[in-house]
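Commentary on secondary and tertiary structure
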Amino acid sequence: MIYTIGGIKGGSGKTTLAVSLTVLLSRVGFDVLLVDADNQGTASDFSTWRAETIEDTGYTSIKLSGLAVRNEVQKMKSKYDHIVIDAGGRDTSSQRAAMVVSDVYIAPFAPKSFDMWTLEQVEQLVQEMAIANPSLQSYAVLNKVDYNRKDIEEGRNYIEESEVLKVLNSTLNERKAFANAAAAGLTVMEHKPKNPKAVAELQALFDEIMALTSEETEVNA
Ligand SMILES: Nc1ncnc2c1ncn2[C@@H]1O[C@H](COP(=O)(O)OP(=O)(O)OP(=O)(O)O)[C@@H](O)[C@H]1O
Ligand SMILES: [Mg+2]
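Residues numbered from 1 in each chain as written. Chains lettered and ligands numbered in written order. Predicted model: local features only at pLDDT ≥ 70, side-chain atom pairs only at ≥ 80, totals over all residues. Heavy atoms only, no water.

Time to look at the pattern of salt bridges. Considering all chains together, one arrives at 6 salt bridges under this definition. Of the charged contacts, one joins Arg-50 and Glu-190 as a salt bridge, the two residues approaching to 2.7 Å between their closest N and O atoms. Within this pair, whereas Arg-50 is found in helix H2 (residues 42-54), its partner Glu-190 is found in the loop between helix H7 (176-183) and helix H8 (196-220), the two being separated by 140 residues in sequence. Each member of the pair, Arg-50 as well as Glu-190, carries the same accessibility label: buried. Across the pair Glu-128 and Arg-96 runs a salt bridge, and its minimum N-O distance is 2.9 Å. Taken as a pair, Glu-128 in helix H5 (residues 119-132) and Arg-96 in helix H4 (residues 93-101) lie far apart in primary sequence, 32 residues in all. (Salt bridge = Lys/Arg side-chain N within 4 Å of Asp/Glu carboxyl O. Helix = DSSP H or I, 4+ residues; strand = E, 2+ residues; numbered from the N terminus. Buried < 20%, exposed > 50% of the residue type's maximum accessible area, 1.4 Å probe, protein only.)

Printed below as a string of structure tokens:
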């Protein structure tokens, strides 16, 4: 499977989600390639910090941009079980190239923030890319949710009106544990002391993503 984590807004949690998905897939035993297609290079920085913390990151990490994202991923896809692309938060040629080769597109949104205003832009991007890649499945995930449950409902209701993006049931709360773990090149599964709530949220999101793609595999089989 090839996953692109993207969107049209900075700071929504794309890199956090991309590296978490990469690490969790590798912990299950898959051979995973993490593609940093964002010129900011944060996913690559994560891998550098990770190598300093635990030496063997558990996956392969490369940087690509522009059309090379499509061309190189196409060449490498048979060599990996899964490829995860951090496409960054702007409508770039890299993000579009990533969407052309991907099976799944996930855009994180922080509810009750300016992120929501970008929903229409993300929808438009997804619709335009559906012409080049009709089988791309596109999802939204609510990240950085605060403890006020009303936020989730408002955010979810707003995105659920979208006919282009399906909203994942799992959400990640705004928790320092996610930022602290990332700063050490780790996921919350690995970072000590463990935050059981953060671990449970990330595991639920991972399980939901795995279930989506296994359903697709069955449908496509
Ligand atoms: N659920 C969360 N709880 C707390 N902090 C979070 C959460 N998700 C992400 N963060 C933090 O928010 C900041 C932005 O997250 P991240 O880098 O993943 O976003 P991004 O969408 O990749 O940003 P950019 O657009 O700059 O690439 C980081 O400091 C990260 O650790
Ligand atoms: Mg990022």
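Before going further, it helps to spend a moment on the pairing of strand S5 (residues 104-109). S5 sits mainly inside the fold: 6 of its 6 residues count as buried. Side chains Val-104, Ile-106 and Pro-108 project from S5 onto one buried face, and the interleaved Tyr-105, Ala-107 and Phe-109 project onto a second face that is buried too. Alignment of strand S1 (residues 2-5) against S5, held across 3 bridges, turns out to be parallel. Residue pairing for S5: Thr-4 is matched across the bridge by Tyr-105. Taken together, the 6 bridges between S5 and strand S6 (residues 137-145) define a ladder with parallel strand orientation. Note that in S6 the partner of Pro-108 across the bridge is Val-141. (Pairing = 2+ DSSP bridges.)

Taken together, 17 residues form the shell around ligand 1, and within it Lys-14, Thr-15, Thr-16, Asn-143 and Asn-173 come nearest. Taking Asn-143, its side chain carries an N or O atom lying 2.8 Å from a nitrogen atom of ligand 1. At a separation of 2.9 Å, a nitrogen atom of ligand 1 approaches a polar backbone atom of Arg-175. Its free accessible area being 630 Å², ligand 1 has 79% of it covered by the protein chains. Those elements giving two or more residues to the shell around ligand 1 turn out to be helix H1 (14-28), S6 and H7. Ranked by residue count, the leading element in the shell around ligand 1 is H1, at 3 residues. The residue inventory of the shell around ligand 1, partitioned by class, reads 2 nonpolar, 9 polar and 6 charged. (Near = heavy atom within 4 Å. Polar contact = N/O pair within 3.5 Å; in protein donor to acceptor, adjacent residues only side chain to side chain. Areas by Shrake-Rupley, 256 points an atom, 1.4 Å probe, with all protein chains shown as cover. Nonpolar A, V, L, I, M, F, W, Y, C, P; charged D, E, K, R; others polar.)

Taken in spatial order, the 7 strands of this open sheet run S3-S2-S4-S1-S5-S6-S7, and their pairing is parallel. Strands at the two margins of the open sheet, each flanked by one partner only, are strand S3 (60-63) and strand S7 (166-173). Going from strand to strand, the sheet's axes swing by 20° on average, the running direction of each strand aside. Alignment of strand S2 (residues 32-36) against S3, held across 4 bridges, turns out to be parallel. From the neighbouring strand, Leu-34 faces S3, where its bridge partner is Ser-61. In this fold H4 packs onto S1, strand S4 (82-86) and S5, with an angle of close to 150° to the strand it touches most, S1. (Axes fitted to C-alpha atoms, helices over the stretch in contact; angles between N-to-C directions. Contact = heavy atoms within 4.5 Å.)

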